[in-house]
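The residues making up each chain are set out below.
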Amino acid sequence: MSEALEVGISAELAQKIREHGIETYPYECCGALLGREHGLTESGDSDAKSHGVSREVLGLFPLVNRRDDSPRNRFSVTADDVREAEKAATAQGFEVVGWYHSHPDHPARPSDYDRDHAWPWYSYIIVRVHTGVPQDMTSWRLKDDRSGYLEEKISPLKVSAAT
Amino acid sequence: MSVKVMIPTPLRVYAGKRDSADFAAATVGEALSGLTSQFEELRKHLYTEDGKLRAFVNVYLNDEDIRYLAKENTPTKDGDTISIIPSIAGGRDER
């Protein structure tokens, strides 16, 4: 993972993530990022390819935060939810390329807790929601050695192929 | 006796981009041991430093979660499929 990391997402889908964060505030929202990773599957021409972005998010699969004990600062997605997200992605010809969640009243940076519950390769998008208003959005990938995260650039895609 | 282990997409980069691998194994633990011996780089993403499956890593024998069977001692039979599914978790640190 030495190359510059980048994930493409349309303004429309990015806005949907923010709206999910508003909807669940002051609790954390979460969901799956559905899309394509070039080099993993052959996907033909696409907006992302033409922009030189190797990973594109083309759909979202909002999920229910299963943590009812501390939903303000934790989110949890069960293995069954993950399977459902994978099925939804496959049905649209996509992969689950990552996950999103919100940090209510907290910076959009991954925590130690995030790191302990993550795998490399996935993109982890975090949106900060401050007093109910969405702020900055960042995206991260876990380092191969699990020692921390690398921030990846979020690039706007002009077209959303699926919503 | 051959058991197929499905390798989840995020971990395929550590397994020569393969989506599955077959192992001769009598238990789920033996199959996973075969997997992490053949693909050493996978180990730290499945197991903690003290050798326990990470809490967010779920292992299924066919469609059954091994937590509700005999965990890693669950016996396998020829043609079984093992799937590795993460539960996704995270959140901000409390200050």
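Residues numbered from 1 in each chain as written. Chains lettered and ligands numbered in written order. Predicted model: local features only at pLDDT ≥ 70, side-chain atom pairs only at ≥ 80, totals over all residues.

Enquirer: Account for the overall build of chain A, with residues named and values stated.
Expert: Within chain A, the secondary structure is distributed over four helices and eight strands. Scanning chain A from its N terminus toward the C terminus, one meets helices and strands in the order β-α-β-α-β-β-α-β-α-β-β-β. Counting all 163 residues of chain A, 46% fall into the buried class. Here the contacts in chain A between residues at least 6 apart in sequence split such that 70% fall between residues at least 24 apart. (Helix = DSSP H or I, 4+ residues; strand = E, 2+ residues; numbered from the N terminus. Buried ≥ 20, exposed ≤ 12 C-beta atoms within 10 Å, placed from the backbone. Contact = placed C-beta atoms within 7 Å.)

Enquirer: Lay out the overall build of chain B with the relevant residues and their values.
Expert: The helix and strand tally for chain B stands at two helices and six strands. From first element to last, N terminus to C terminus, chain B shows the α and β order β-β-α-α-β-β-β-β. The C-alpha atoms of chain B give 14 Å as radius of gyration, which agrees with the globular expectation for 95 residues (12 Å, within 12%). In terms of overall dimensions, chain B has a C-alpha envelope of 50 × 30 × 25 Å along the principal axes. Taken over 95 residues, chain B has a buried fraction of 31%. (Rg over C-alpha atoms; globule rule 2.2 N^0.38 Å.)

Enquirer: Got a sec to walk through the interface of chain A and chain B? Specific residues and values, please.
Expert: Note: interface size is frequently given as the accessible area lost on complex formation between the parts. Opposite the 25 residues of chain A that make contact, chain B presents 18 residues. Taken together, the elements giving at least two residues each to the side of chain A that touches chain B come down to strand 4 (75-77), helix 3 (79-91), strand 5 (95-104) and helix 4 (112-116) of chain A. Sort the elements by how many residues they give to the side of chain A that touches chain B and strand 5 of chain A lands first, with four residues. Counted by class, the side of chain A that touches chain B contains ten nonpolar, eight polar and seven charged residues. Bridge count between strand 4 of chain A and strand 6 (residues 88-90) of chain B: three bridges; the pairing is antiparallel. Bridging from a neighbouring strand, Ser76(A) pairs with Ala89(B) of strand 6 of chain B. (Nonpolar A, V, L, I, M, F, W, Y, C, P; charged D, E, K, R; others polar. Pairing = 2+ DSSP bridges.)

Enquirer: So, helix 1 (residues 28-38) of chain B: which residues are in play, and what are the values?
Expert: Residues and elements named next belong to chain B. Burial in helix 1 covers these residues: Val28, Ala31, Leu32 and Leu35. End-on, the buried residues of helix 1 take up no more than an arc of 95 degrees, which puts them together on one face. The elements touched by buried residues of helix 1 are strand 1 (2-6), strand 2 (20-24), strand 3 (57-61) and strand 5 (81-86). (Arc of directions from axis to C-beta.)

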